Amino acid sequence: MASAAAEKGKSPADAAESAAVNAARLAREWSTWAMKNAKVVAHYGFIPLVILVGMRSEPRPSLAQLLSPV
């Protein structure tokens with residue numbers, strides 16, 4: 001209720017500034033969310049990507065040859 005009363009007396013410039021601050025906050029939250037998810041994807045997707053690229057290369061190795069350390 002207090003915020004509604006405070007909003008009532010604001011000028012249009014204050015409302016625009018509030019919208020800009022809200023947009024900046026949302027952009028910061030979304031960028032944080034995207035970076036966290038990108039970290040998880042990179043963490044769990046790197047080794048399968050290396051295996052996939054190795055399987056597609058010439059000469060085509062078997063999976064056992066690809067995963068063996070020698």
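Residues numbered from 1 in each chain as written. Predicted model: local features only at pLDDT ≥ 70, side-chain atom pairs only at ≥ 80, totals over all residues. Heavy atoms only, no water.

Residue-level account of the overall build of the protein, with values.
What the protein contains, in helices and strands, is three helices and zero strands. Along the protein, helices (α) and strands (β) appear in the sequence α-α-α when read from the amino end. For the protein, buried positions account for 3% of its 70 residues. Total accessible area computed for the protein in this model is approximately 6300 Å², and 69% of it derives from carbon and sulfur atoms. (Helix = DSSP H or I, 4+ residues; strand = E, 2+ residues; numbered from the N terminus. Buried < 20%, exposed > 50% of the residue type's maximum accessible area, 1.4 Å probe, protein only. Areas by Shrake-Rupley, 256 points an atom, 1.4 Å probe, with all protein chains shown as cover.)

I'd like a rundown of a nonpolar patch on the surface, residues and numbers included.
A cluster of nonpolar side chains, Leu26, Trp30 and Trp33, forms an exposed patch at the surface whose accessible area comes to about 380 Å². The topology assignment puts Trp30 in helix H2 (residues 12–56). Here Trp30 falls in the exposed class, since its relative accessible area comes to 56%. (Patch = residues over 30% accessible without salt bridge, like charges linked within 9 Å, V, L, I, M, F, W, Y side chains within 5 Å. Salt bridge = Lys/Arg side-chain N within 4 Å of Asp/Glu carboxyl O.)

Provide a residue-level description of the pattern of salt bridges, including the pertinent values.
Opposite charge on two side chains permits pairing when their charged atoms draw close. Scanning the model with the defined rule gives two salt bridges in all. Between Glu29 and Arg25 there is a salt bridge, with the nearest N and O atoms lying 2.8 Å from each other. Here Glu29 and its partner Arg25 are both found in helix H2, four residues apart, which amounts to about one turn of the helix. Glu58 is paired through a salt bridge with Arg60; the nearest N and O atoms lie 4.0 Å apart. On the basis of relative accessibility, which here comes to 54%, the residue Arg60 falls in the exposed class.

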